[in-house]
Amino acid sequence: MITETFKVKEGHLLTVHQVPALTDPATGEVAFSMGVVAALDVLKEKAAQQGLTEMQFDPALIPAQEAPDPVSRELRRAMLARGMTGAAIARALGVKPPLVSRWLSSSYHDHSMETIRRIAEVLDMEVEVKLKPKAS
């Protein structure tokens, strides 16, 4: 849970408390699930309409979600590390950007090895597969 501040309109900032966030333990990078982003958009709109500057985040606005997919998270991390965008990857692979967006979505769990290899090639990276015991 973090506190986040957003600009909702010129001269107005909105501070939202207790926002659920995912933190990458390796990089410390903070990300929000798509449900959180949608809920924050609703809060920002309400704040802009009412002139509010502070709101409490309501986790009930977020639909229940599975744990974020580690493959999607790693693909996104690699893309950002290379300074590329999903649109650039789509152009290089000859696919439409929404498909790449789906592959990078934390809720997508059906990556094929071929897709992973193709994305790695575009990113000038190699694929390494590692199995480890489940955390109990």
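J.: Would you mind showing me how to read the overall build of the chain here?
T.: When you go through the chain residue by residue, the secondary structure sums to five helices and five strands. Ordered by position in the sequence, the α and β elements of the chain form the string β-β-β-β-α-β-α-α-α-α. Partitioning the contacts of the chain with sequence separation of at least 6, the portion at a separation of at least 24 is 56%. Summed over all atoms, the accessible surface of the chain reaches about 9300 Å², with 53% contributed by carbon and sulfur.

J.: Looking at this structure, how should I read the nonpolar core?
T.: Where a protein is soluble and globular, its nonpolar side chains tend to be buried together. Among the nonpolar cores identified, the biggest contains 13 residues, and I89, L93, V95, V100, W103 and I119 are the most heavily contacted of them. Sorting the residues of this core by element identifies α2 (70-81), α3 (86-93) and α4 (97-104) as the ones contributing at least two each. Residues within four places of V95 in sequence aside, it is in contact with A90, V100, W103 and R118.

J.: How should I be thinking about the confidence of the model for the chain in this particular structure?
T.: Any region with low pLDDT has predicted coordinates that should not be read closely. In the predicted model, the chain carries a mean pLDDT of 80, and the fraction of residues at 70 or more is 71%. For the chain, per-element mean pLDDT is lowest for strand β5 (residues 54-56), which scores 63, and highest for helix α5 (residues 113-122), which scores 96.

J.: How should the packing of α3 against α5 be read in this particular structure?
T.: Between two packed helices, both the angle of their axes relative to each other and the distance between the axes serve to describe the pair. Where α3 meets α5, the closest approach of the two axes is 10 Å, and the angle between their N-to-C directions is 105°. As judged from the angle between their axes, α3 and α5 are roughly perpendicular. Contacts between α3 and α5 involve I89, A92 and L93 on the former and, on the latter, R118, I119 and V122. Grouping the amino acids of the contact of α3 with α5 by side-chain chemistry returns five nonpolar, no polar and one charged.

J.: Whenever I open this one, α2 confuses me. Can you help?
T.: Because each turn of an α-helix spans 3.6 residues, side chains separated by three or four positions in sequence point in the same direction. With 12 residues, α2 should cover 16 Å at 1.5 Å per step; its first-to-last C-alpha distance of 16 Å lies within 8% of that length. Burial in α2 covers these residues: S72, L75, A78 and M79. In an axial view of α2, the angular spread of the buried residues amounts to 130°, which keeps them on one side of the axis. Looking at the buried residues of α2, the elements they touch are α3, α4 and α5.

J.: Help me understand the environment of D69 in this model?
T.: Mapped onto the elements, D69 comes out in the loop between β5 and α2. On a C-alpha basis, the gap between D69 and L104 in space is 9.1 Å, while along the polypeptide they are 35 residues apart. Among all residues touching D69, those that are not within four sequence positions of it are S106, Y108, H109 and H111. A distance of 2.8 Å separates the side chain of D69 from the backbone nitrogen of S72, its partner in a polar contact. A distance of 3.1 Å separates a polar atom in the side chain of D69 from a polar atom in the side chain of H109.

J.: Explain the packing of α3 against α4 here, please?
T.: Packing of α3 against α4 brings their axes to within 8 Å, and their N-to-C directions diverge by 120°. Remark: the crossing between α3 and α4 carries right-handed chirality. Along its contact with α3, which presents G86, I89, A90 and L93, the element α4 presents P97, V100 and W103. Partitioning the contact of α3 with α4 into residue classes produces six nonpolar, one polar and no charged.

Rules used throughout
- Residues numbered from 1 in each chain as written.
- Predicted model: local features only at pLDDT ≥ 70, side-chain atom pairs only at ≥ 80, totals over all residues.
- Heavy atoms only, no water.
- Helix = DSSP H or I, 4+ residues; strand = E, 2+ residues; numbered from the N terminus.
- Contact = heavy atoms within 4.5 Å.
- Areas by Shrake-Rupley, 256 points an atom, 1.4 Å probe, with all protein chains shown as cover.
- Core = buried A, V, L, I, M, F, W, Y, C linked by side-chain atoms within 4.5 Å.
- Buried < 20%, exposed > 50% of the residue type's maximum accessible area, 1.4 Å probe, protein only.
- pLDDT = per-residue confidence, 0-100.
- Axes fitted to C-alpha atoms, helices over the stretch in contact; angles between N-to-C directions.
- Parallel < 35°, antiparallel > 145°, perpendicular 65-115°, else oblique.
- Nonpolar A, V, L, I, M, F, W, Y, C, P; charged D, E, K, R; others polar.
- Expected span 1.5 Å × (residues − 1).
- Arc of directions from axis to C-beta.
- Polar contact = N/O pair within 3.5 Å; in protein donor to acceptor, adjacent residues only side chain to side chain.
- Left-handed = near helix turned anticlockwise from the far one by under 90°.

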